[in-house]
Amino acid sequence: MDPAGLTLKLLLVGDSAVGKSSLLRRFTDGAFEPSLKPTIGVDFRVKKMVVDGRAVQLAIWDTAGQERFRTLTPSYYRGAQGVVLVYDVTRKDTFTGLESWLKELEIYTSKSNTVKMLVGNKTDKPDREVERKEGLQFARKRSLLFIETSAKTQDGVQHAFEELVRKILQTP
Ligand code: GDP
């Protein structure tokens with residue numbers, strides 16, 4: 001048996017500046033930097049966690065700024081058990097852009113049981129453009145897990161990854 005336990009590949013996907021790198025940083029380091037530099041080169045971070053008594057090691061990939069074109073290389077998606085699809089609740093365009101990301105996910109993850117979670121980030125900001133209810137409805141329609149987060153205050157962040165991993169562990 002692998003002494004490190006099960007390793008899962010997770011991906012962060014979504015428009016530029018929605019907070020993907022900040023969520024990753026918050027989850028793996030417990031930190032938030034308001035002036036985080038744009039991701040250069042493919043980046044992934046490893047995090048161990050125990051979910052429902054099972055030790056798992058997560059390799060969480062961040063998009064390297066390629067997401068500007070709303071498309072990523074096929075190798076990014078390969079072997080991913082889980083995808084975190086992020087939008088910014090204060091920018092409606094990042095919510096309407098979700099359709100385009102879901103099309104991309106259909107192309108690259110259709111042959112696998114990849115679990116998808118929709119995350120509405122930046123709930124700490126007052127200038128909201130997407131209500132929680134809209135996010136929830138969208139997620140239900142598309143059979144996605146759903147949670148709102150703030151990488152800044154850490155609200156929902158741990159819970160989001162835990163729920164995603166829990167669902168992956170339950171998926172045959
Ligand atoms: P990425 O391009 O999707 O990786 O987005 P970043 O993580 O680089 O974040 C873009 C900007 O939004 C940065 O200035 C972050 O500090 C800021 N940001 C990210 N998450 C939050 C959040 O939850 N709340 C607030 N207020 N700002 C955030």
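Each residue is numbered by its place in its chain's sequence as written, counting from 1. Local features in this predicted model are restricted to residues whose pLDDT is 70 or higher, and side-chain atom pairs enter the listing and the counts only when it is 80 or higher, whereas totals over whole chains, interfaces and linings include all residues. Only hydrogens and water are removed before side-chain values are computed, so all heavy atoms of the structure are retained for them.

Glancing now at the pattern of salt bridges. Here, a salt bridge means any side-chain nitrogen of Lys or Arg that lies within 4 Å of a carboxyl oxygen of Asp or Glu. Per the stated rule, a full pass over the model turns up 11 salt bridges. Note that Asp29 is salt-bridged to Arg25, the shortest N-O span being 2.5 Å. Of the two residues, Asp29 and Arg25 both sit in helix H1 (residues 20–29), four residues apart, roughly one turn of that helix. When accessible area is computed with a 1.4 Å probe and restricted to protein chains, residues below 20% of their type maximum are described as buried, those above 50% as exposed, and intermediate ones as partly exposed. The partly exposed category is assigned to Asp29, whose relative accessible area is 41%. The residue Arg166 makes a salt bridge to Asp52 at a minimum N-O spacing of 3.1 Å. Counting from the N terminus, the helices are the DSSP runs of H or I reaching at least four residues and the strands are the DSSP runs of E reaching at least two.

Turning to the site of the ligand, a few remarks are in order. Taken together, the neighbourhood of the ligand is formed by 19 residues, with Ala17, Lys20, Ser22, Asp124 and Ala151 sitting nearest. Between the ligand and Val18, the relevant distance is 3.2 Å, taken from an oxygen atom to a main-chain nitrogen or oxygen of the residue. The contact in question runs from an oxygen atom of the ligand to an N or O atom on the backbone of Ser21, over 2.9 Å. Each accessible area is a Shrake-Rupley estimate made with a 1.4 Å probe; only the visible protein chains count as cover when residues are assessed. For the ligand, whose free accessible area comes to 580 Å², the fraction covered by protein is 83%. Counting residues per element, the shell around the ligand draws most heavily on H1, at three residues. For this scheme, ten residues count as nonpolar: Ala, Val, Leu, Ile, Met, Phe, Trp, Tyr, Cys and Pro. Four count as charged, namely Asp, Glu, Lys and Arg, and the remainder, Gly too, count as polar. Tallied by class, the residues present in the shell around the ligand amount to five nonpolar, six polar and eight charged. For each residue, the test is whether any non-hydrogen atom lies within 4 Å of the molecule or strand; if one does, the residue is near. We call two N or O atoms a polar contact when they sit within 3.5 Å, provided that within protein one can donate a hydrogen and the other can accept it, with sequence-adjacent residues counted only if both atoms are side-chain atoms.

So, about the confidence of the model for the protein. Detailed reading of the predicted model is not advised wherever pLDDT is low. Averaged over every residue, the pLDDT of the protein is 90; the share at 70 or more is 92%. If you check the scores for this complex, the pTM reads 0.93 and the ipTM reads 0.99. pLDDT: the predictor's confidence for each residue, scored from 0 to 100.

Looking now at the packing of aromatic side chains. Only the six-membered ring of Trp is used, alongside the rings of Phe and Tyr, when aromatic pairs are assigned; centres must lie within 6.5 Å, and planes under 30 degrees apart are stacked while those over 60 apart are edge-to-face, with the rest tilted. For the structure on display, the rule yields six aromatic pairs. Considering the side-chain rings of Phe44 and Trp61, the 4.6 Å spacing of their centres and the 15 degrees angle between planes classify their relative orientation as stacked. Taken as a pair, Phe44 in strand S2 (residues 43–51) and Trp61 in strand S3 (residues 54–62) lie far apart in primary sequence, 17 residues in all. Accessibility expressed as a relative area gives 23% for Trp61, which makes it partly exposed. An aromatic cluster is defined as three or more aromatic residues linked by ring pairs; in this entry it consists of Tyr76, Tyr77 and Tyr108. To sit over a ring, a charge needs its Lys NZ or Arg CZ within 6 Å of the ring centre and within 35 degrees of the ring normal. For the cation-ring pair, Lys47 lies above Phe27, with the distance from its terminal atom to the ring centre recorded as 5.1 Å.

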